[in-house]
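Chain and residue survey
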Amino acid sequence: MGSNTLSPQERRSSFATVLVAEAAERAGFYGVDAILLLFMVQQLGITDLRADLMVGAFAAMTYATPLLGGWIGDCLYGPRWTAIFGTFLLSAGYALLACTMTSRSFFEPALALVATGNGLFKPNAAQLVRRLYERYPLKRDSAFTLYYMAANVGSALSMFLIPWVRNTFDPLLAFSLCVAGPACALFILLTQTGTLSDLGILTKQSVSLKRATAFGTGSVILCILSVTFILYSTSLARLAVFSCLTLVFILWATLYRRATPSERLSLVTLGIMLIQSIAFYCFYQQMQTSLTLFALTNVDGTFRILGHRIFNFSAAQFQALDPLFIILLSSPMARIYNVLSRRNRDVSLPTKFAIGFGFVVVAFFIWWGGIHLAAGNLTSAWFMAGGYLALAIAEVLIGGLGLAIVAKYAPASLNGIMVGAYYLTVGAGMYLGSEIASKVSSTAMSQAVQRQHYENLFGILCLCALALALLTLFLAQQLNRMEKRISGKNVSNAKI
């Protein structure tokens, strides 16, 4: 039974299965993500500059490997079994990170396991959502928004809990708890798949089980070894990021050359929006890098109302505000999309991106203003929260709809690979964002000098975001006009 023959109840049940698996897996991943930078700086003794660049390299590899995972899901194992394989590698990677407390030599191989496991899981979980809603385009944006919200449910819980465990007990227990996330996702996908089981082990009858196993296993092992080697060298990581971007461009150009005129418009739109995605994640990566280190030394983590203490955040826990706000925003946004679609007044994806960049401007203006108004004192936690709220709105509009862009504009036969290409652009943006953050990361600076550097950084990023917001708004208008013209021609041809 294919996904096109599912009843509404079966589709909802299958969708819920994917959402729960995604939430569980992301809980483990973002638990590690929340404490990784501070663990490197405080436990492993890595300098701020080196830690920023290494976190960026890890992010780049984490989001480059979905290109491999998408290919394996499309051509070898199918999305369900590739995602299962990914959760197994993630569990192994987190367990090995826990062992880093006894031996520093485990660190890079553990991160390589995590990056590769993420690459297998992420594009194929998204592919399951696409298959469930491929015949329901009006529900696609809301489905992917809820899918994105599920990821943030898991990440919000873990980003509050795991930093607290690390600070209260030790990193060993924190990393060990992260293993539970992908382990639960593995159990769910193996035992609760229901109507997902028909998506199969092999997607092409011409590929034998033996050959698929050999190709897939060999590719994954080679990927783990390559990522381990890359993480030892920041210059090699930089080369790998730009090589992967070149590969995506070659893939896009090949598809464009073979496409029909109407398909070319879709590919042009997809290409422009992938570039915009790279730009957005440069800003997004500041949460894990410059904003976390800024919060460590220059932010008063106590939230107060009228002088009364309400609660306190550690530097790492501020990152949890992003998924928390996304949880609160995603469901209302999905309902708004559905209402607008029913009234034929939905805003186009390029326009949603342009609006999202407007909120990026607001976020960095708030952070810049918070430092400026502090006048040499610690910045209030409320300014940090306000900036995170604005950036979360931007993320719902840009990051939350990135997969919807691929589902709408990419060729259906290559959707898994193009999802991988999308995640690669996310990783490239994060790496470039870490490069930007590294320019102000130095433990040798005094606190006052650091504060001034962060104020300058956030001010420059605010102005850059403003320029991008205006550019994306202009591009959105042009793309919308082009799409209307193509649609009008298609309607005329259909009447003839």
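Preceding block: the structure.
Keep in mind that what you see is a predicted model, and the values were worked out from it rather than measured.

1. Details of the overall build of the protein
Across its full length, the protein holds 18 helices and four strands. Against the globule reference of 23 Å for 496 residues, the protein gives a C-alpha radius of gyration of 22 Å, in line with a compact fold. The principal-axis extents of the C-alpha atoms in the protein amount to approximately 70 × 50 × 40 Å. Looking at the protein residue by residue over its 496 residues, the buried ones come to 57%. Of the contacts formed within the protein by residues at least 6 apart in sequence, a portion of 84% connects residues at least 24 apart. Surface summary for the protein: the accessible area is close to 20,100 Å², and the carbon and sulfur share equals 67%. Considering the protein, the positive charge centre built from 35 side chains and the negative charge centre built from 20 side chains are found 9 Å apart.

2. What about a nonpolar patch on the surface?
A surface patch of nonpolar side chains, amounting to about 490 Å² of accessible area, comprises Leu161, Trp164, Phe169, Leu173 and Leu177. When contributions to the nonpolar patch are tallied by element, the ones reaching two or more residues are helix 6 (137-168) and helix 7 (171-178). Residue position: Leu161 is located in helix 6. When its relative accessible area of 42% is taken as the criterion, Leu161 is described as partly exposed.

3. What to know about the packing of aromatic side chains
Per the stated rule, a full pass over the model turns up 25 aromatic pairs. Measuring from centroid to centroid gives 6.2 Å for Phe280 and Tyr284, while their planes differ by 40°, and the two rings are tilted. Linking Phe280 with Tyr284, this pair stays in helix 11 (residues 261-284), spanning four residues, or about one helical turn. Grouping residues by exposure puts Phe280 and Tyr284 together as buried. Taken together, the ring pairs connect Phe283, Phe294, Phe364, Trp367, Tyr388, Tyr454 and Phe458 into an aromatic cluster. Against the face of Phe29 rests Arg26, its NZ or CZ located 4.3 Å from the ring centre. Positioned above the aromatic ring of Tyr256 is the side chain of Arg264, whose terminal nitrogen or guanidinium carbon lies 4.8 Å from the ring centre.

4. As for the environment of Asp52
In this fold, Asp52 is placed in helix 2 (residues 48-64). When the C-alpha positions of Asp52 and Lys210 are compared, they lie 42 Å apart, and in sequence the two are 158 residues distant.

5. A short note on the pattern of salt bridges
For the coordinates displayed, the defined rule picks out five salt bridges. Salt-bridge contacts for Glu22 lead to Lys122; the nearest nitrogen and oxygen are separated by 2.7 Å. Residue Glu22 is located in helix 1 (residues 8-42), and its partner Lys122 is located in helix 5 (residues 107-132); the two are separated by 100 residues in the primary sequence. For the pair Glu22 and Lys122, a shared accessibility class is recorded, and that class is buried.

6. Side note on the pairing of strand 3 (residues 308-312)
For a regular strand, side-chain orientation follows a simple rule: the groups alternate between the two sheet faces. Pairing analysis gives four bridges linking strand 2 (residues 302-305) to strand 3, with the strands arranged antiparallel. Residue Thr302 lies in a different strand from strand 3, and its bridge partner there is Asn312. With antiparallel pairing between neighbouring strands as the criterion, strand 2 and strand 3 make up a hairpin whose turn holds two residues, including Leu306 at a positive phi of roughly 55°.

Rules and cut-offs
Residues numbered from 1 in each chain as written. Predicted model: local features only at pLDDT ≥ 70, side-chain atom pairs only at ≥ 80, totals over all residues. Heavy atoms only, no water. Helix = DSSP H or I, 4+ residues; strand = E, 2+ residues; numbered from the N terminus. Rg over C-alpha atoms; globule rule 2.2 N^0.38 Å. Buried < 20%, exposed > 50% of the residue type's maximum accessible area, 1.4 Å probe, protein only. Contact = heavy atoms within 4.5 Å. Areas by Shrake-Rupley, 256 points an atom, 1.4 Å probe, with all protein chains shown as cover. Lys, Arg positive; Asp, Glu negative; His and termini not counted. Charge placed at Lys NZ, Arg CZ, Asp CG, Glu CD. Patch = residues over 30% accessible without salt bridge, like charges linked within 9 Å, V, L, I, M, F, W, Y side chains within 5 Å. Salt bridge = Lys/Arg side-chain N within 4 Å of Asp/Glu carboxyl O. Phe/Tyr/Trp six-rings, centres within 6.5 Å; stacked < 30°, edge-to-face > 60°. Lys NZ or Arg CZ within 6 Å of the ring centre and 35° of its normal. Pairing = 2+ DSSP bridges.

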